[in-house]
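Spelled out, the chains give:
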Amino acid sequence: MSLCDKSFTLELSEEPITPSSSCVFQTAMMSADPEFSVFPADSRLFDDSFSAKNTYRVSGQNITIHQYYCANLGVSASVWDSALHLCQFFEKECLDLSGKRIIELGAGTGLVGIVAARLGGHVTITDLPLALAQMESNVECNGPLWPSAAPAVLPLSWGRDHDSFSSDWEFVLGADIVYMPETFPLLLDTLVHLCKDGAVVFLASPMRREHGAHDFYNCVLPKMFKVELVQRDPESNINIYKATLR
């Protein structure tokens, strides 16, 4: 299925967080492994817990995303602009995702992977354990009619357990996952493993110098990948890069 000649619009509604949804996330948080503290949650990011329900209309379909803002989820709670730009890039380039094996890294809410699955991809969305309950909730509320299958939701810690994943992907996707320089070597190792069989990587990033984005795309990623800037939005300062393993 193609996104060609289809609209991409956003409708937003907000609602208070409910005790039931809070309990779901507390269960996931309690089971999280301390070793994942290399990606720390920022306890100052959200002083209060609340939720927002966003509806994204893509290719004639409504994609509903619940975002649970709380200190433990940190940046994983949000749909960042980079994710929207990457979905719009699929539309602009008429990228055919039908039947393709796709993995999303640092998925957070899972929006990009869910859109890819709605367009016929065989998708696995990944993030650290704290984010899994949110992604599972979003997958569930966008089912059950998937062209291929519902996205699989799995934990993946870059540079640590990527060997438990195969390398036979066709696309590797990521939106706003380049912002902590200490994780860049881990991300690079993970991308190398996932792309051994020829996967194409698409990464969308705000080009924040204070977060090292320029260094990652100009110095770190080119060590192992051929890197091409395929889209730049000067107004939002968001770039999309295509990369293939050398």
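Structural notes, computed from the coordinates. In this text, all values refer to a predicted model and were calculated from it rather than measured experimentally.

What counts as what
Residues numbered from 1 in each chain as written. Predicted model: local features only at pLDDT ≥ 70, side-chain atom pairs only at ≥ 80, totals over all residues. Heavy atoms only, no water. Core = buried A, V, L, I, M, F, W, Y, C linked by side-chain atoms within 4.5 Å. Buried < 20%, exposed > 50% of the residue type's maximum accessible area, 1.4 Å probe, protein only. Contact = heavy atoms within 4.5 Å. Salt bridge = Lys/Arg side-chain N within 4 Å of Asp/Glu carboxyl O. Helix = DSSP H or I, 4+ residues; strand = E, 2+ residues; numbered from the N terminus. Phe/Tyr/Trp six-rings, centres within 6.5 Å; stacked < 30°, edge-to-face > 60°. Lys NZ or Arg CZ within 6 Å of the ring centre and 35° of its normal. Polar contact = N/O pair within 3.5 Å; in protein donor to acceptor, adjacent residues only side chain to side chain. Pairing = 2+ DSSP bridges. Axes fitted to C-alpha atoms, helices over the stretch in contact; angles between N-to-C directions.

A separate point is the nonpolar core. Within soluble globular proteins, side chains that are nonpolar generally end up buried alongside one another. Of all hydrophobic cores here, the largest spans 36 residues; its most connected members are Leu86 and Leu111. In contact with Leu111, other than residues within four places in its own chain, are Tyr56, Ile63, Ile65, Val79, Ala83 and Leu84. Listed in part, the 29 residues of the second largest apolar core include Ile103, Trp158, Phe165 and Leu188.

Moving on, we get to the pattern of salt bridges. Tallied over the entire structure, the rule returns 2 salt bridges. Between Asp176 and Arg208 there is a salt bridge, with the nearest N and O atoms lying 2.8 Å from each other. With Asp176 in the loop between strand S7 (171–175) and helix H5 (184–194) and Arg208 in the loop between strand S8 (200–206) and helix H6 (213–220), this pair connects stretches of sequence that are 32 residues apart. Since its relative accessible area comes to 23%, Arg208 is described here as partly exposed.

A few words on the packing of aromatic side chains. The relation between two aromatic rings is expressed through the spacing of the ring centres and the mutual angle of the planes. All chains considered together, the criterion is met by 5 aromatic pairs. With centroids separated by 5.1 Å and ring planes inclined at 85°, the aromatic side chains of Phe216 and Tyr217 adopt a geometry described as edge-to-face. The exposure class assigned to Phe216 is buried, which follows from its relative accessible area of 0%. In this structure an aromatic cluster arises from ring pairing among Phe184, Phe216, Tyr217 and Tyr241. Across the ring face of Trp146, the terminal group of Arg118 is positioned such that the distance to the ring centre comes to 5.7 Å.

Once that is clear, we can look at the side chain of Ser167. You can see Ser167 is positioned in the loop between strand S6 (152–155) and S7. Among the residues examined, Ser167 registers a relative accessible area of 12% and is labelled buried. A distance of 2.6 Å separates a polar side-chain atom of Ser167 from the backbone oxygen of His193. Not counting the four nearest positions on each side in its chain, Ser167 is found in contact with His193, Leu194, Lys196 and Asp197.

Take the environment of Val123 next. In this fold, Val123 is placed in strand S5 (residues 122–127). Residue class for Val123 comes out buried when judged on its relative accessible area of 5%. Between the C-alpha atoms of Val123 and Phe171, which are 48 residues apart in sequence, the distance is 9.5 Å. Filtering out sequence-adjacent residues up to four positions away, Val123 remains in contact with Ile102, Gly113, Ala116, Ala117, Ala150, Pro151 and Ala152.

On the basis of which strands lie adjacent, the open sheet formed by 7 strands has the order S6-S5-S4-S7-S8-S10-S9 and mixed pairing. Pairing within the sheet leaves two strands with one partner each, and these edge strands are S6 and strand S9 (225–233). Direction aside, neighbouring strands of the sheet carry axes that sit 20° apart on average. As defined by bridge partners, S7 adjoins S8 across 5 bridges and the pair is classed as parallel. Within the sheet, the bridge partner assigned to Leu173 lies in S8 and is Phe202. Strands in contact with H5 are strand S4 (101–105), S7, S8, S9 and strand S10 (238–245); relative to S4, the strand with the most contacts, it is inclined by about 175°.

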